[in-house]
Amino acid sequence: MKLTRSQLAVYVITPPTYPTGQELADQVEQSLKGGATIIQLRRKGSIIDPKDSTKTITITPELMREEALLIQALCKQYNVPFLIDDNVQLAADIKADGVHIGQDDMPIAEARKILGDDVIIGLTANKLDDAIRAYEEGADYVGSGAVFATGTKNDATPLSHKAFETICRSIPIPVVAIGGITESNMDQLDTTGLAGFAIISDIFNDADIETKTSRIAQKANRMVLPH
Ligand code: TZP
Ligand code: MG
């Protein structure tokens, strides 16, 4: 099977900030040591230079590819799937395990044609009808949120607990929660039927990424038993 529910439990997404390259890969490795069960490389445009906040570093295709290859090698070592956000062509070129695409990105059918049946395709679906369509069109899992307020994605629309639970219970493919999830609030999603927790800032803002991830993994693994 290309993706099991338990592989989605601790879904770690790279931050839209510094660092880049090897330093980013080192941080991702800390999360893998702590128990990340799947990794998504997510890069958007440019990021702020930590040495000078008035400057930005552009995420060029070359840098993105370099980061993808570094993180892919780590994921192989830790035996967890490696996904790329948005960039279906890069995923195909380097034979990533999967992609995560949004409602405004490439349609699933087109991504499937490029990637083939063995590659994981995850879709963002924040509305019930989008989630049902994602399932019908062949997505392997759905990401839904924002389940809590988040400062990481400006346009993330908040989803009520009930609406999130309804999505989880209405489709046979796994649903991952995203948006504002922390070690302290993740318990609130217990009993929704979710498959996993997708997290950026609570993990990468911590000085000890490995220990933070392992506490999250302990909680997640108690809550997201396959059913
Ligand atoms: N999609 C919906 S909310 C979000 C994304 C990518 C950001 C999640 O980041 P954080 O820091 O875990 O809230
Ligand atoms: Mg996208």
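Residues numbered from 1 in each chain as written. Chains lettered and ligands numbered in written order. Predicted model: local features only at pLDDT ≥ 70, side-chain atom pairs only at ≥ 80, totals over all residues.

## Some points on the pairing of strand β6 (residues 98-101)
- Burial of β6 is two-sided: the residues Gly98 and His100 facing one way and the residues Val99 and Ile101 facing the other way are all buried.
- The pairing of strand β5 (residues 82-85) with β6 spans 3 bridges and is classified as parallel. Paired with Ile84 across the two strands is Val99, which belongs to β6.
- Viewed along the sheet, the connection from β5 through helix α3 (residues 88-94) into β6 turns out right-handed.
- Both β6 and strand β7 (residues 120-124) contribute to a ladder of 4 bridges, which runs parallel. (Buried ≥ 20, exposed ≤ 12 C-beta atoms within 10 Å, placed from the backbone. Helix = DSSP H or I, 4+ residues; strand = E, 2+ residues; numbered from the N terminus. Pairing = 2+ DSSP bridges. Right-handed = clockwise from strand over helix to strand, strands pointing away.)

## Re the packing of helix α1 (residues 21-34) against helix α8 (residues 209-223)
- Taken N-terminus to C-terminus, the directions of α1 and α8 make an angle of 40°; their axes are 7 Å apart at the nearest point. Regarding the angle of α1 to α8, the classification is oblique. As for how α1 packs across α8, the hand of that crossing is right-handed. Side by side, α1 and α8 meet where Gln27, Gln30, Ser31, Lys33 and Gly34 of the first sit next to Ile209, Glu210, Thr211, Lys212, Thr213, Ser214 and Ala217 of the second.
- A breakdown of the residues in the contact of α1 with α8 according to their chemical character gives 2 nonpolar, 7 polar and 3 charged. (Axes fitted to C-alpha atoms, helices over the stretch in contact; angles between N-to-C directions. Parallel < 35°, antiparallel > 145°, perpendicular 65-115°, else oblique. Left-handed = near helix turned anticlockwise from the far one by under 90°. Contact = placed C-beta atoms within 7 Å. Nonpolar A, V, L, I, M, F, W, Y, C, P; charged D, E, K, R; others polar.)

## Some words on the pairing of strand β9 (residues 175-178)
- Burial of β9 is two-sided: the residues Val175 and Ala177 facing one way and the residues Val176 and Ile178 facing the other way are all buried.
- In terms of strand pairing, strand β8 (residues 141-145) meets β9 through 4 bridges, oriented parallel. Bridge pairing links Gly145 to Ile178 in β9.
- You can see the chain leave β8, run along helix α6 (residues 161-170) and come back into β9, and the turn it takes is right-handed.
- In this sheet, strand β10 (residues 196-199) lies alongside β9 in parallel orientation, the contact comprising 3 bridges. Note on β10: the bridge partner recorded for Val176 is Gly196.

## Details of the sheet that holds strand β2 (residues 38-41)
- Here 8 strands make up a closed barrel; going around it, the order is β1-β2-β5-β6-β7-β8-β9-β10 and the pairing parallel. Shown here is a sheet whose adjacent strand axes are inclined to one another by a mean of 25°, direction ignored.
- On the sheet, helix α2 (residues 61-78) packs against β2 and β5 and is oriented at approximately 175° with respect to β2.

## Notes on α8
- Here α8 contains 15 residues, and its C-alpha end-to-end distance of 21 Å stays within 8% of the 21 Å for a straight helix at 1.5 Å per residue.
- Here α8 has its buried residues at Ile209, Lys212, Thr213, Ile216 and Ala220. Buried residues along α8 cover an arc of 90° about the axis, so they all sit on one side. (Expected span 1.5 Å × (residues − 1). Arc of directions from axis to C-beta.)

## Here's the deal with the site of ligand 1
- As a structural note, the neighbourhood of ligand 1 is formed by 13 residues, with Thr150, Thr152, Gly179, Ile200 and Ser201 the closest of them.
- Among the residues making up the shell around ligand 1, the classes are represented as 6 nonpolar, 6 polar and 1 charged. (Near = placed C-beta within 6 Å.)

## Some points on the UniProt feature "binding site: 4-amino-2-methyl-5-(diphosphooxymethyl)pyrimidine" (unreviewed entry) in the chain
- Within this numbering scheme, the UniProt entry marks Gln40, Leu41, Arg42, Arg43, Lys44, Asp85, Thr124 and Lys153 as carrying the feature "binding site: 4-amino-2-methyl-5-(diphosphooxymethyl)pyrimidine" (unreviewed entry).
- Take Arg42: it is sitting in the loop between β2 and β3 (46-49).
- Excluding residues that lie within four positions of it along the chain, Arg42 makes contacts with Ile13, Thr14 and Asp85.
- Here Thr124 shows up in strand β7.
- On the neighbour-count criterion, Thr124 (22 C-beta atoms within 10 Å) is buried.
- Among residues more than four places away in sequence, those in contact with Thr124 are Gly102, Gln103 and Gly143. (UniProt positions renumbered as here; feature names shortened; annotations may be inferred.)

## A short note on the packing of helix α5 (residues 128-136) against α6
- Where α5 meets α6, the closest approach of the two axes is 10 Å, and the angle between their N-to-C directions is 20°. Taken together, the axes of α5 and α6 lie roughly parallel to each other. The crossing of α5 and α6 is right-handed. Between α5 and α6, the residues in contact are Leu128, Ala131 and Ile132 and Thr166, Ile167 and Ser170, respectively.
- Class assignment of the residues belonging to the contact of α5 with α6 gives a composition of 4 nonpolar, 2 polar and no charged.

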